[in-house]
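Read off the chains here:
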Amino acid sequence: MSLNDSERRVLSGMRPSGRLHLGHYHGVLKNWVRLQHEYDCFFCIVDWHALTTEYADSGQLSQHVMDMAVDWLAAGVSPSSATLFVQSQVPEHAELHLLLSMICPLSWLERVPSYKEQQERHSGKDLSTYGFLGYPLLQAADILLYRAGQVPVGADQLPHIEFAREVARRFNHLYGSEPDFELKAEAAIGKLGKKVGKLYSNLRKAYQEQGDAEALETARALLKEQTSITLGDQERLYGYLEGGGKVILNEPQPILAEFSRVPGLDGQKMAKSSGNAIFLRDSDAELEEKLRRMPTDPARVHRDDPGEPQRCPVWSLHQLYSNDEQLHWVIEGCRSASIGCLDCKSALCSSLQTELTPLQQRAFDYEENPDLVRSILAEGAERARDEARNTLAEVRMAMGLNYR
Ligand code: TRP
Ligand code: SF4
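Treat the numbers as computed from the prediction; the structure is a model and nothing was measured.

Calculation criteria
- Residues numbered from 1 in each chain as written.
- Chains lettered and ligands numbered in written order.
- Predicted model: local features only at pLDDT ≥ 70, side-chain atom pairs only at ≥ 80, totals over all residues.
- Heavy atoms only, no water.
- Near = heavy atom within 4 Å.
- 1 Å grid on protein atoms, 1.4 Å probe; cavity = no way out; pocket = protein on both sides within 12 Å on 5 of 7 lines; lining within 4 Å.
- Sits in = over half its atoms within 2 Å of the grid points.
- Helix = DSSP H or I, 4+ residues; strand = E, 2+ residues; numbered from the N terminus.
- Nonpolar A, V, L, I, M, F, W, Y, C, P; charged D, E, K, R; others polar.
- Core = buried A, V, L, I, M, F, W, Y, C linked by side-chain atoms within 4.5 Å.
- Buried < 20%, exposed > 50% of the residue type's maximum accessible area, 1.4 Å probe, protein only.
- Domains from an automatic or database assignment.
- Contact = heavy atoms within 4.5 Å.
- Points joined across faces, edges and corners; volume = space filled by probe spheres on them.
- Axes fitted to C-alpha atoms, helices over the stretch in contact; angles between N-to-C directions.
- Parallel < 35°, antiparallel > 145°, perpendicular 65-115°, else oblique.
- Left-handed = near helix turned anticlockwise from the far one by under 90°.
- Polar contact = N/O pair within 3.5 Å; in protein donor to acceptor, adjacent residues only side chain to side chain.
- Areas by Shrake-Rupley, 256 points an atom, 1.4 Å probe, with all protein chains shown as cover.
- Right-handed = clockwise from strand over helix to strand, strands pointing away.
- Pairing = 2+ DSSP bridges.

Caption draft 1: Summary view of the site of ligand 2. As a structural note, the neighbourhood of ligand 2 is formed by T296, D297, R300, C312, V314, V330, C334, C341 and C344. Most atoms of ligand 2, that is more than half of them, are within 2 Å of grid points of the largest cavity. Put simply, the parts of the chain that give the shell around ligand 2 at least two residues each are α16 (324-335) and α17 (341-367). Grouping the constituent residues of the shell around ligand 2 by class yields 6 nonpolar, 1 polar and 2 charged.

See below:
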């Protein structure tokens, strides 16, 4: 793959924690389903990441991986549009993690904000392990291995993406400068052809001597169009523009998922650990029972006490699932006490079921056919490995691990 393709390459990962809930669906999966048609997407079930915190309790891990794969597929993540795979089935992630660990300063890991936070949050577990400290580097390896340009994540993950950028920069700085870099870069300019070569040199000069940022952009765009030079030369010329060495590992950009905070059964953010989640595969009976127990506006003690939807978590869910007519009916009915909370909840229940039923049907089909799911993941891992091997070959070479 050329560096140009990096801009179109998306990678994201999710820890296998079992069945997914509406928060995952609206916050992450719908976004992925959209991206898979526009980008070259790699979606990874990061089982090694799960082990960084769940190492003492890994008996359920493979079931969680299967459940997550089924939910992804049911939500519309499609193996014909995207590459779906399990991290541990692509052992190249481990090798890149190891190699990057040689150059990653300990202090960078210790100051990742989630390190102390998570240790405090999981205070019941001993997270003073090597693996847990290193997990942002494992995440960096996940991304850099595919030279992904774009990483869709939530805001909590931004420091990890920044960390991956720093690691890539340090790698390129250490290993991108060959002894005869300038000679090679000048030779590569020669291979661009007379006209393009001259244009490149002028743009580079304008950037380096006058700090002309537009010239830098133009020069990058120019390189992007060059199909006749080798990947190595292209990497040199990208680096040469800015005065550094080769760009071997690409610095990723985050794509922030649109804000979509899904309220849980108690009105707080939906999370499995908060016990307030509605799962994609909850049966009708489970759904009815969960809604039945949801708190409502405390002002509605009696059926004929009027209420205020703004104070009610049932309303928050209505806003996600019901149409305008139903929303109007809830507001009017609640404030005038012409509907009861039971009526209101049963309307919500039907709206939710309308959205979830087709998804559950697909989930059921995959669940019935685990071999199909396994083969989708195996094929995904093969595709991922092809990409990963290419990057690793270059990384090994750059680090001097060249025995041919
Ligand atoms: N650390 C991420 C999380 O906890 C999961 C993850 C692992 C990831 N590797 C990744 C996300 C690579 C994006 C890209 O949510
Ligand atoms: Fe909540 Fe609906 Fe009851 Fe109003 S009628 S308090 S919105 S459940």
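Caption draft 2: Region of the structure containing the nonpolar core. Residues L22, L29, W72 and L352 are the most contacted members of the largest nonpolar core, which totals 54 residues. In terms of residue count, helix α3 (residues 61-75) provides more of this core than any other element does, 9 residues in total. When residues of this core are assigned to domains, at least three fall in each of domain 1 (3-176 + 252-261 + 369-398) and domain 3 (281-366). Setting aside its immediate chain neighbours within four residues, W72 contacts M14, L20, L29, W32, F43, C44, I45, V77 and L84. In terms of nonpolar packing, the next biggest core, distinct from the first, is built from 42 residues, V46, L109, L137 and V167 among them.

Caption draft 3: Seen up close, empty space enclosed by the protein. Inspection of the entire model under this criterion finds 1 cavity of 30 Å³ or more. Approximately 100 Å³ is the volume attributed to the largest cavity. The wall of the largest cavity is formed by 13 residues, among which C312, V330, C334, C341 and C344 lie closest to the centre. In the lining of the largest cavity, the residues fall into 9 nonpolar, 2 polar and 2 charged.

Caption draft 4: Structural context of the packing of helix α1 (residues 22-38) against α17. The geometry of α1 relative to α17 is characterised by a closest axis approach of 13 Å and an angle of 65° between their N-to-C directions. Considered as vectors, α1 and α17 are oriented roughly perpendicular to each other. For α1 against α17, the interelement crossing comes out left-handed. Counted together, L22, Y25, H26 and K30 of α1 and L352, E355, L356 and L359 of α17 form the full contact between these two elements. Tallied by class, residues from the contact of α1 with α17 come to 5 nonpolar, 1 polar and 2 charged.

Caption draft 5: Geometry of the packing of helix α8 (residues 135-144) against helix α9 (residues 158-175). Closest axis-to-axis distance for the α8/α9 pair is 9 Å, and the angle between their directions is 70°. As far as their axial angle goes, α9 and α8 are roughly perpendicular. Between α8, through Y135, P136, L137, Q139, A140, I143 and L144, and α9, the contact on the second element is made entirely by H160, I161, F163, A164, V167 and A168.

Caption draft 6: Spotlight on the site of ligand 1. Near ligand 1, the surroundings consist of L11, S12, G13, R15, V46, H49, Q139, D142, I143, V151, V153 and Q157. The separation between a nitrogen atom of ligand 1 and a polar side-chain atom of D142 is 2.7 Å. Alone, ligand 1 offers 370 Å² of accessible surface; in the complex the protein occludes 88% of this. In the shell around ligand 1, the residues fall into 5 nonpolar, 5 polar and 2 charged.

Caption draft 7: Molecular detail of the pairing of strand β2 (residues 40-45). Within β2, 5 of the 6 residues are buried, which leaves it mostly tucked inside the rest of the structure. Note on the crossover from strand β1 (residues 9-14) through α1 to β2: the handedness is right-handed. Pairing analysis gives 4 bridges linking β2 to strand β3 (residues 83-86), with the strands arranged parallel. Note that in β3 the partner of C44 across the bridge is F85.

Shape is all these values report; function is a separate question.
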